[in-house]
Each structure stands twice: as C-alpha cells, then as structure tokens.
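# Working through the structure, step by step
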Amino acid sequence: MTEEAPEDFEEFVEFKLPDPPVIGGAEGGTFDQASIDALFGGGGPAETHRVGLRAVLESEIINHERLPMLEVVCERMVRALSTSMRTLTSDSIDISLDDVTTARFSDFMDRVTLPAMIAVVRVEDWENYGIITVDSGLIYAIVDALLGGKRGTQIMIDGRDFTTIETALVARVLRLAILEFSTALAPIAPVTIKLERIETNPRFAAIARPSNIGAVCTFRVDIDGRGGRFSMMFPQATMEPVRDKLAQRFMGETAGRENIWPDHMRQQMLATQVELSVLLGEISMTLEQVQALEIGQNLNFHAEPSQQMGVLCGRLHLAQVRAGQRRGNLAVSLATSISKGKRL
C-alpha cells in the first residue's frame, strides 16, 4: 500500500552548481596584485594631486606657529581655577592641562561627543568670539557636586536634553573659568570675556568657517573620581591682536613685560626735584651794548604786570603764568595748563 504525497509537495529536481570564480586573470590561476585590488575594491585610477587654493583648504597638515605664552596662561589658569572650584564646591578637585594644540574649526566641532554643552564667548576687546565645549561626564559631575549628589558613583548618560537647572549650574562654572582665564591673560593683554550663550547643537555654535584654524586648549577636571574634559577654542582671527605677544619666548614665571621696574622708575621720577624759571621779558641787544653794561644800570623790558610770562624748565617751555604777590613774596599763577614743552 503506497502513501500519496501531499498536494504542496514539490518534486525534487537536481540542478547544476555554477562554476567557482577564477582567482586572478593570469595564466595558472595565480593571485596577483590586480586581483587583490579588485577583491578589496581598489585598483581604480590614482587620486589626482590637488593644486592651488584647493590644496591649501583640503590639506590635512596644519602648519601653525607655536604659542609658548598661551601655554603659560593656561598653566596659571589651572592653578587659579583649582582653588576657585574647591571654594565653590567644597570638594577635592584636580584640574590639569591636557594639551595646547591647533586644529581646524570643522575638525574640532566633529570631535565633540554629544550630548555636550557648547558655550559661545565674546572677547569684547578683540571684537570676536571663542568656543568652550564641556562633555557630558563633566556636566553631570558639576551638577552633582553643586547639588550635593552621591560621591564615587558612575554617571549614566541617558541621552536626554539638559535641564534649565543643569545649564545654569554649568554656566556658573563656565563664568568662573572665563574669569580665571582673563586674569591669567591680563599681564599679556587685559581683555574682557563674557559668556554669550550655551548651545547643545554644534550647528548653532558656528563662529568661524570650517577651514579656519584656531588654538585649542584642553583641560581635565577630576571631582572625587568623576569628571571629564572641557576645551577652549579661539580662532586665529580672534587671537590676531595678541599673536605676537603669545608667540614670544619666556623665562621662568614671567608672563609678558615686567611691571616692577617701570613702576619703580616712575615713582623715583615723580620724587625728583627740578628747577623752574619764569621769563619776565626779553630784549635784543648788540654785543657792544652788552659790553657797555655797568653796575646799577636799568634795563627796560617794556613788560606790563598783566602780561603773561613763560615758565621754563631748563630750555623747555612748560606753560604761561601771570606775576603777582603772595604773603609778601613774588609769586606766579598758571594761566595755561602744563604742556609737553617745546625746546627754546
């Protein structure tokens, strides 16, 4: 007795497998370089060399001038900011300078790991902008430190947007960092830096063209085993007014010019005594008349008491005065302000 096959049963049909691909096009089946390039998608035409302006804009090599004084400014900022942060949070805080380098603006923004806060700052004296980026690990560590959160716990990033309270707390720390950076930069160039706004989308924080080059200072903050990094980026257009000062060499802890000796010389010069002379009048005489002068002879200068007279320091004319008397002594009063003086 035979069983009938079900209606949906398909009859088994034998078919012939395709031939395996031939490796290499050379005789004997050798695996040459052309086959390797074809296997991995290579072997195309060689990339043409860029020339002209395109070669400059698309070059991955950045030729930049080293700024030794900027590193000194960052080191001083680290020391001052560590003390200020300890006072603000009452926690053990360790701040260190990771690196001072140069990068294109587009490359710098591409390296920002979201979620993050991107602060746009304005340097009013230089009439330009800068960028400060704070990663999420440091943001949550700052919020917990200021609100008294648990110590030593790992922060889990859930991808949510930052709240208004979190943004306000981080803005407070950013203003403190900006203040310490301005103070550290003051011996070289006194500046006023203000926090303009905080963004979370890099597209809304574009302060320069993607190909523009800028100085990047990266700092590491450790708060009781937690923390992260924040970076400051200033385009070259922003730092152009002080580029020469930041590129100069330094010795020891001296930042910029030394103020002790100029102040000392200024104090000593202000305490120096000088002699002033009042020119009562002038007349013209020949050499023969001068030789004929005798003791007791009167000379008429044709000057009136209300006429202004000149005050001289050596051969420098300083001001105009009027003659008079005070407490029985001959005195003069200034009729004009003290000028830089003209040599007679």
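Attention here is on the structure that accompanies the text.

Parameters and conventions
- Residues numbered from 1 in each chain as written.
- Predicted model: local features only at pLDDT ≥ 70, side-chain atom pairs only at ≥ 80, totals over all residues.
- Heavy atoms only, no water.
- Core = buried A, V, L, I, M, F, W, Y, C linked by side-chain atoms within 4.5 Å.
- Buried < 20%, exposed > 50% of the residue type's maximum accessible area, 1.4 Å probe, protein only.
- Helix = DSSP H or I, 4+ residues; strand = E, 2+ residues; numbered from the N terminus.
- Contact = heavy atoms within 4.5 Å.
- Axes fitted to C-alpha atoms, helices over the stretch in contact; angles between N-to-C directions.
- Parallel < 35°, antiparallel > 145°, perpendicular 65-115°, else oblique.
- Expected span 1.5 Å × (residues − 1).
- Pairing = 2+ DSSP bridges.

Let's shift gears to the nonpolar core. Core analysis: the largest hydrophobic core is formed by 52 residues, its most contacted members being M77, I132, F219 and F230. Of all the elements, helix 6 (residues 164-185) adds the most residues to this core, at 10 residues. Leaving out residues up to four positions away in the same chain, M77 has contacts with A177, E180, F181, A184, F219, F230 and M232. One finds A103, F105, I131 and V216 within the second-largest nonpolar core, a separate group that totals 11 residues.

At their nearest, the axes of helix 5 (residues 136-147) and helix 6 sit 9 Å apart, and the two run at 90° to each other. By the angle between their directions, the pair helix 5 and helix 6 is classed as roughly perpendicular. Note on element contacts: helix 6 touches helix 5 through E166, L169, V170 and V173, opposite I139, Y140, I142, V143, L146 and L147.

Turning next to helix 3 (residues 68-89). For helix 3, built from 22 residues, the straight-helix expectation of 32 Å at 1.5 Å per residue is met to within 8% by its first-to-last C-alpha distance of 32 Å. S90, located one to two residues past helix 3, shows a positive phi value of around 60°.

In this section: the sheet that holds strand 1 (residues 93-104). The sheet built from six strands is open, its strands ordered 1-5-6-3-2-4 with antiparallel pairing. Pairing within the sheet leaves two strands with one partner each, and these edge strands are strand 1 and strand 4 (193-199). On average, each strand axis in the sheet is tilted by 20° relative to the strand beside it, whichever way the strands run. When strand 1 meets strand 5 (residues 213-223), the two strands line up antiparallel, connected through 11 bridges. For V100, the partnering residue across the bridge sits in strand 5 and is C217.

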